[in-house]
Amino acid sequence: MIPHFTAAEKAIHYPEDRKFYVRLKPYMLFIMGFVLIGSIAIAWIQYLFFGLPPDPSLSFSAVAVVTEPSGFPMWINISHWVNFFFLVLIIRSGLSILVDHPRLYWNNGCGPETEWIRFTPVIFPKDKTWTAKQDSRYISPVVGLPGYRHTVGIARSWHFLTVPFFILNGIIFIFLLLYTNQWKRLVPASFQIIPDSWNVFVHYATFNLPVEPNGFYHFNALQQLSYFAVVFIMAPLAMLTGLAMSPAIDSRFHWYPKLFFNRQTARSFHFLIMFAYVIFIVVHVALVALTGLSKNMNHIILNKPNDTSSTGLWIGIVIILFVVAFNMLGHWLSWRKQRTLQFLEKKINESLWSSTINKFKPKSFYTKKDISPYFWPNGKMPDSKEWEDLKGNNFKDYKLKIYGLVENPIELSLDDLKKMGREETIEMHSCIQGWTGIAEWAGVPMSKIIDLVKPHSNVTTVAFYSFGEGLYGGVYYDTNTLDNCLKPKSLLAWEMNYQPLPVEYGAPLRLRVENQLGYKMVKWISAIEFIESYKNIGKGFGGKNEDDEYFDLLANT
Ligand SMILES: Nc1nc2c(c(=O)[nH]1)N[C@H]1C(S)=C(S)[C@@H](COP(=O)(O)O)O[C@H]1N2
Ligand SMILES: [Mo]
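Throughout this description, residue numbers start from 1 for each chain and increase along the sequence as written. The order in which chains are written sets their letters, starting at A; the order in which ligands are written sets their numbers, starting at 1. Predicted model: local features are reported for residues with pLDDT of at least 70 only, side-chain atom pairs are reported and counted for 80 or more only, and whole-chain, interface and lining totals are derived from all residues. With hydrogens and water set aside, each side-chain value is computed from the structure's full complement of heavy atoms.

### A look at the overall build of the protein chain
What counts here: Numbered from the N terminus, helices here are DSSP runs of H or I no shorter than four residues, and strands are runs of E no shorter than two. With C-alpha atoms as the basis for the radius of gyration, the globule rule is written as 2.2 Å multiplied by the number of residues raised to the power 0.38. The buried label goes to any residue with under 20% of its type's maximum accessible area, the exposed label to any with over 50%, and the partly exposed label to all in between, with areas taken from a 1.4 Å probe on protein chains only. The criterion used for residue contact is that any of the two residues' heavy atoms lie within 4.5 Å. In short, Shrake-Rupley with a 1.4 Å probe defines the accessible areas, and a residue's cover is counted only from the protein chains shown. Only four residue types enter the tally: Lys and Arg on the positive side, Asp and Glu on the negative side, with His and both chain ends excluded. Charged side chains are reduced to one point each, which is NZ for Lys, CZ for Arg, CG for Asp and CD for Glu.
When you go through the protein chain residue by residue, the secondary structure sums to 19 helices and 13 strands. Its C-alpha atoms give the protein chain a radius of gyration of 27 Å, near enough to 24 Å, the size a compact globule of 557 residues would have. Projected onto its principal axes, the C-alpha coordinates of the protein chain cover approximately 85 × 45 × 45 Å. Looking at the protein chain as a whole, 52% of its 557 residues qualify as buried. By sequence separation, contacts in the protein chain at least 24 residues apart represent 74% of the contacts at least 6 residues apart. Summed over its atoms, the accessible surface of the protein chain is roughly 25900 Å², and 68% of this surface lies on carbon and sulfur atoms. Of the charged side chains in the protein chain, 52 are positive and 44 negative, and the gap between their average positions amounts to 3 Å.

This is the structure:
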């Protein structure tokens, strides 16, 4: 089960300062402490000075059978456990994705030390170039799927493989909830639920456990409110904040991430919702155990109201063992069957995205004042003699080679390119790891290059080759569909923030394709090839990261 790493792999999978570490900025610690301790303190003040509020669950008879609906029909039992199964996989893979850029922010620039929380002991080093790749961290495989410092590609395969099933299960659940009258158990009938829930909370917080209304017939107010929130508020918010991280959506509909303030607050909320789910699960399981474990398990597994045998409990244990076993299988698949995971995830998501959000045309939106003061660099700088020589001469001898299935293969110097036309745009860059940055870019539109070289009609794909190497050696390259190269704002850029493109950020020439994630935007471009299919180059998966790190071919999300 535990993979055997070579020394080189070890260095990647276990960075030296890998130890688990969380550091909240003091102001966030204060706010979170204030909310948690503050509400408990108010509950105690109310209890000590005004006495225990009436227990609202007593207003429903705990003994007499409350009117319909009651019980848990089989479809509720099944979807409850199916939901549990997928939620575990989603949370664990999400944590693995999180530590690939182990910092959360409220600002789109993601500047050093502007994070409100970091999951890494590393303080941003100011004395050297520190790339986002170097900053990525380790997570224990007990917590994360796949854990260690595996590729974010595999973590995303799990996340995006499971999310559609989680959503499907949720849709079926909500449909049946509304179709039957079971929704009445979850949807509060009046705002009275809020003061009632507070009253129940005062009972819990002061250790005066409220009378249990018997969940088979009725939930107490706080229980109903939290179940309602989990189903009707948290789950939709998790999906919507997830979508707000998509460059294809954000580059077209700039208002969308603003629903959550900005792209990075959406990412932070996505995390906080996950955190709320974990707290919910812990409290939920604790209360299920405290209020009659066997009886409760018979409710949610067998739909039997008054059975106190341990049948349901045993079946529950078997279900949990199955989930644990499946997660262990998940680790095995993550290290031994990476291509299968990459393939399955592609099967589910690629046609969905290519026929929907990939079609959106990026629109300009940002202005000079939005430009981020800091922009994370990423990738490995070229170190070949060829590139060093070109750089030494300020790229005067640089020639971009354009070839492949075209009528006019050509070599162009930077000056030639500049004569072809210049377009300037301010855009947000989204890295697969999670960070973003806004910068000005200027260069020649890819459409002009395409007009000039005239690709054959069978060309579907454009390959961009770099002077630099990938993380594991070998030329860095990536492909984009011809379609995406023709989208507005697709540029070969030689300028960043009104300066010649700095060496770190891809000099002399880099690609911008605004509906894609960062790894599609090759830096230090040496050549461009027009091809019939991405399958014919490299290992055949569409790019260096797709080949070696199991990233998606289409990077819309
Ligand atoms: N040649 C090359 N290009 C590359 C990479 C790389 O490793 N090598 N990394 C990609 C990734 S993952 C990102 S996020 C962007 C980063 O661009 P930046 O350094 O301007 O932030 O470049 C992309 N282009
Ligand atoms: Mo990236």
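From this point, the discussion proceeds with the structure in view.
### Notes on the site of ligand 1
Spelled out, the test is: Proximity criterion: a residue is near a molecule or strand once any of its heavy atoms comes within 4 Å of it. Polar contacts, as counted here, are pairs of nitrogen or oxygen atoms within 3.5 Å of one another; within protein the pair requires one atom able to donate a hydrogen and one able to accept it, and residues that are adjacent in sequence qualify only if both atoms are side-chain atoms. Charged means Asp, Glu, Lys or Arg here, nonpolar means Ala, Val, Leu, Ile, Met, Phe, Trp, Tyr, Cys or Pro, and polar covers whatever is left, Gly included.
Lining the immediate surroundings of ligand 1 are 19 residues, of which Trp376, Ser466, Arg510, Met521 and Lys523 lie closest. Contact distances for ligand 1 include 2.8 Å between a nitrogen atom and a backbone N or O atom of Met521. Contact between ligand 1 and Lys523: an oxygen atom at 2.3 Å from a side-chain N or O atom of the residue. Out of a free accessible area of 530 Å², ligand 1 has 97% covered by protein chains. By residue class, the composition of the shell around ligand 1 is eleven nonpolar, five polar and three charged.

### Section: the confidence of the model for the protein chain
Heads up, the condition is: The predictor reports its confidence for every residue as pLDDT, a score running from 0 up to 100.
For the protein chain, per-residue confidence averages 95 on the pLDDT scale, and 97% of positions sit at 70 or higher. Across residues 61-65, confidence stays below pLDDT 50; counting only partners more than four residues off in sequence or on other chains, it has six contacts.

### Describing helix 8 (residues 221-243)
An α-helix turns once every 3.6 residues. As a result, residues three or four positions apart point the same way. Rule in force here: Given a helix with a known number of residues, its expected span is that number minus one, times 1.5 Å.
Relative to the 33 Å expected for 23 residues at 1.5 Å per residue, helix 8 spans 32 Å between its end C-alpha atoms, a close match to the ideal helical length. Buried residues of helix 8: Ala221, Gln223, Gln224, Tyr227, Val230, Val231, Met234, Ala235, Ala238 and Thr241, and no others. Elements that come into contact with the buried residues of helix 8 comprise helix 5 (152-179), helix 6 (183-186), helix 7 (193-205) and helix 11 (263-290). Here helix 8 starts with a cap whose side-chain oxygen sits 3.0 Å from the backbone nitrogen of Leu222, and that cap is Asn220.

### As for helix 7
Look at helix 7: 18 Å from first C-alpha to last across 13 residues, which is about the 18 Å you get at 1.5 Å a residue. Those residues of helix 7 not exposed but buried are Ile193, Asp196, Ser197, Asn199, Val200, Val202, His203 and Ala205. Elements that come into contact with the buried residues of helix 7 comprise helix 2 (26-50) and helix 8. Positioned one or two residues after helix 7, Phe207 has a phi angle of 60°, which is positive.

### Focus on the packing of aromatic side chains
The condition that has to hold: Here the aromatic set is Phe, Tyr and Trp, taking the six-membered ring for Trp, and pairing holds for ring centres within 6.5 Å; pairs whose planes are under 30 degrees apart are stacked, those over 60 apart are edge-to-face, and all others are tilted. Charge-over-ring contacts are defined here by two conditions on Lys NZ or Arg CZ: a distance within 6 Å of the ring centre and an angle within 35 degrees of the ring normal.
Scanning the model with the defined rule gives 47 aromatic pairs in all. An angle of 85° between the planes, with centres 5.9 Å apart, marks the rings of Phe5 and Tyr14 as edge-to-face. Exposure remark for Tyr14: the relative accessible area of 23% places this residue in the partly exposed category. Relative to Tyr148, the ring of Tyr14 lies with its centre 5.2 Å away and its plane at 65°, an arrangement referred to as edge-to-face. Of this pair, Tyr14 sits in the loop between helix 1 (7-13) and strand 1 (23-24) while Tyr148 is found in the loop between helix 4 (132-135) and helix 5, placing the two residues 134 residues apart along the sequence. Its guanidinium or amino end placed over the ring of Phe219, Arg185 lies 4.6 Å from that ring's centre, counting from NZ or CZ. Taking NZ or CZ as reference, Arg339 lies 3.7 Å from the ring centre of Phe541, over its face.

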